[in-house]
Amino acid sequence: MYKILLKILRTRLLTEPLPEPSSDPPRPLLPVTGTLAIRHVDAGSCNACELELHALNGSYYSPEQLGVRFVASPRHADLLLVTGPVSCHMEQALIDTYDAMPFPKAVIAIGDCARNGGCFRGSYAVREGVASVLPVLSVVPGCPPSPAAILSSLEAIVLPATPSVRQIR
Amino acid sequence: MKSFWVFLGSSLAKMVLVVFLAPLFVGWLNMVRALMANRTPPGLLQPFKDWGKLFTKEIIIPEGSSMLFRWIPRIVFSLLLMSSLLVPMTEPHDDGWVFGDALVLIGILSLVRVLMSLGAMDSGTPFGGIGGRREMMVGFLAEPATILVIFTTYLVSHSTMTFVTADSLQSGSILPTPSLVFGGLSFFLILLGENARMPIDNPATHLELTMIHEAMMLEYTGPSLALMEWASAIKILVYLLMGIGLFFPWGVTGGPGWSGLLPAFGMLAGKLFMAGAILGVFETLVAKLRIFRVPEFMTLAFLLAILGFLSHFVLET
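Here the structure is a predicted model, which is why all the values come from computation and not from measurement.

**Considerations on the interface of chain A and chain B**
Contacts between chain A and chain B engage 41 residues on the former and 33 residues on the latter. Overall, the association of chain A and chain B removes approximately 3,000 Å² of surface from exposure, summing both partners, and the carbon and sulfur fraction of that is 54%. Considering only the side of chain A, the residues that lose the most area to chain B are E64, R75 and H76 of chain A, jointly responsible for 22% of the buried surface there. Seen at the junction of chain A and chain B, the total is five salt bridges. A salt bridge links K53 of chain B to D78 of chain A; the nearest nitrogen and oxygen atoms lie 2.8 Å apart. The interface formed by chain A and chain B contains 21 residue pairs in polar contact (both at pLDDT 80 or more). Contributing elements (two or more residues each) for the side of chain A that touches chain B: α1 (2-11), β1 (36-42), β2 (68-70) and α3 (88-100) of chain A. Broken down by element, the side of chain A that touches chain B gets its largest block of residues, four residues, from α1 of chain A.

**Focus: the environment of F120 of chain A**
Residues and elements named next belong to chain A. Examined against the element boundaries, F120 turns out to sit in the loop between α4 (111-116) and β5 (138-140). A relative accessible area of 33% means that F120 is categorised as partly exposed. Placed eleven residues apart in sequence, F120 and A109 show a C-alpha to C-alpha distance of 15 Å. Ignoring anything within four residues of it in the chain, the contact list for F120 reads P85, C113 and V126.

**A look at the packing of helix α1 (residues 4-36) of chain B against helix α10 (residues 261-285) of chain B**
All names here are of chain B. Packing of α1 against α10 brings their axes to within 8 Å, and their N-to-C directions diverge by 40 degrees. Taken together, α1 and α10 sit at an angle that is classed as oblique. Crossing of α1 against α10: the hand is right-handed. Taken together, the residues of α10 that come into contact with α1 (itself represented by L17, L21, F25, W28, L29, V32, R33 and M36) are F265, L268, L272, F273, A275, G276, A277, L279, G280, V281, E283 and T284. Here the contact of α1 with α10 is composed, by residue class, of 15 nonpolar, three polar and two charged.

**Concerning the sheet that holds β2 of chain A**
Residue and element names in this part refer to chain A. Across the sheet, five strands lie side by side as β2-β1-β3-β4-β5; this open sheet has parallel pairing. Each edge of the open sheet carries a strand with a single partner, namely β2 and β5. Ignoring strand direction, the axes of neighbouring strands in this sheet form an average angle of 30 degrees. Bridge count for strand β4 (residues 106-110) against β5 is three bridges, and the pairing is parallel.

**Some details on the nonpolar core**
Counting 76 residues, the largest nonpolar core has F25, V76, F77, I234, M242 and L272 of chain B as the members making the most contacts within it. Sorting elements by how many residues they give to this core places helix α9 (residues 222-247) of chain B first, with 18 residues. Here I234 of chain B is in contact with V18, A22, F77, L80 and L81 of chain B, once residues within four sequence places are set aside. Core analysis: the next-biggest nonpolar cluster, separate from the first, contains 21 residues, I38, L53, F70 and L81 of chain A among them.

**Details of the packing of aromatic side chains**
Summed over all chains, the structure comprises ten aromatic pairs over all chains. Between W51 of chain B and W230 of chain B the ring centres are 5.4 Å apart and the planes differ by 45 degrees, which places this aromatic pair in the tilted class. Residue W51 of chain B is found in helix α2 (residues 46-55), and its partner W230 of chain B is found in helix α9; the two are separated by 179 residues along the sequence. No difference in accessibility class separates W51 of chain B from W230 of chain B, as the two residues are buried. Clustering of aromatic rings is evident, with ring pairs tying together F20, F48, W51, F55 and W230 of chain B. It is K105 of chain A that lies over the ring of Y98 of chain A; its NZ or CZ is 4.3 Å from the centre. The side chain of K105 of chain A reaches across the aromatic face of F103 of chain A, ending 4.5 Å from its centre.

**With respect to the environment of W5 of chain B**
All names here are of chain B. Here W5 shows up in helix α1. You can call W5 exposed: its relative accessible area is 63%. Spatially, the C-alpha atoms of W5 and L141 are 40 Å apart, while their sequence positions differ by 136 residues.

**Some words on the confidence of the model for chain B**
Per-residue confidence for chain B averages 87 on the pLDDT scale, and 94% of its residues sit at or above 70. This prediction of the complex comes with two scores: 0.91 for pTM and 0.86 for ipTM.

Thresholds, definitions, all that
- Residues numbered from 1 in each chain as written.
- Chains lettered and ligands numbered in written order.
- Predicted model: local features only at pLDDT ≥ 70, side-chain atom pairs only at ≥ 80, totals over all residues.
- Heavy atoms only, no water.
- Contact = heavy atoms within 4.5 Å.
- Buried area = accessible area lost by both parts, 1.4 Å probe.
- Salt bridge = Lys/Arg side-chain N within 4 Å of Asp/Glu carboxyl O.
- Polar contact = N/O pair within 3.5 Å; in protein donor to acceptor, adjacent residues only side chain to side chain.
- Helix = DSSP H or I, 4+ residues; strand = E, 2+ residues; numbered from the N terminus.
- Buried < 20%, exposed > 50% of the residue type's maximum accessible area, 1.4 Å probe, protein only.
- Axes fitted to C-alpha atoms, helices over the stretch in contact; angles between N-to-C directions.
- Parallel < 35°, antiparallel > 145°, perpendicular 65-115°, else oblique.
- Left-handed = near helix turned anticlockwise from the far one by under 90°.
- Nonpolar A, V, L, I, M, F, W, Y, C, P; charged D, E, K, R; others polar.
- Pairing = 2+ DSSP bridges.
- Core = buried A, V, L, I, M, F, W, Y, C linked by side-chain atoms within 4.5 Å.
- Phe/Tyr/Trp six-rings, centres within 6.5 Å; stacked < 30°, edge-to-face > 60°.
- Lys NZ or Arg CZ within 6 Å of the ring centre and 35° of its normal.
- pLDDT = per-residue confidence, 0-100.

Listed below in structure tokens is the structure:
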């Protein structure tokens, strides 16, 4: 316990400066900025995107500083992050998750698979990306996309549109 | 004797203060936790943003749920707000016009627990049921310890009113004794258990199978969820105020009349600041207990309470 405390105090802050917000998703998603609850659904992903999402949640990127949180239930979520090409078995579960979310809500597709099926495109077991199942607000391309790319996409949604407020951050 | 209107006005003012103080405290606690993870913390006002946003969202009522599910967030919120009137915050104790003692407070809190569990079971999801049952288990293990702690303070101050105990400790008519030290330690463990804090329950978990408190929240949406989360924040604040009143009451009243209010607020803010820092650091340093170890943890709280109770007779009379 004492060793951990000493280690924590010696390490200092690890968080890196925020990347520039991407220009892709329209904003703002919600009437209240500076807060976003995310539900992540793995729709047949190879788990590379999940590793990047885990890295995103770590101390280096710390989406908490923007008010971005991953939540345990679609009922609490504003945003659905989908990874994977949407395998046929996950299609209904994905639609159910989307239906369980309260309005206002949006979907972001993470990775090339979620964009259009990626390397699984054309397989009998998958749909062609998230857009073939749900309305998608924006796509973060990459195989897998880096945490910084995901974060800049989330930033665009969660930060107020005026640049002056961004300077303070 | 205060007039009824003064009592009404000060009670309303206190409730309003508690409503706004609770998210601030949770914001501070989350800041400490983030700092202990070596990451840039969210702002102090983050809970206001999070819950304010929830009020703008849609409410989804699960199929097959009854009126209970719709009303429980409001009832739980109001009950917890009412329970905050039973703990000393800044006001000097006046005679009359207090509607209950610490035992009434425990009663209200167990009523809240029962209602929350019922609401969770009413939604019909298996996780809600798991969460409700676990919360009841932690509750019934913590309750005897809480009552024993209150009886210990009764032995010392001859009153189960938290106000009277705070007053007599503060005015120096009774001194901190071994029994109060044991009681304070026991109360700390109870506070962790009852408020679903770290060794018992991880408030940030996503694994439904390890959840206790969060599992009961899974089905609430929008304003209902905001009320439930706000109520949990008020609950932890009420527990802290009770702990402060029973074991660290120095400075609860700054002086007679209105002039004493400002230093009293300063002391209160300082104590809550310290409490948040201690809780945050403690939660970072301990690992979550398995659910089957929770009874042992609560037994420890009960044991400490018993020790406090007995040490009064052995050491202090």
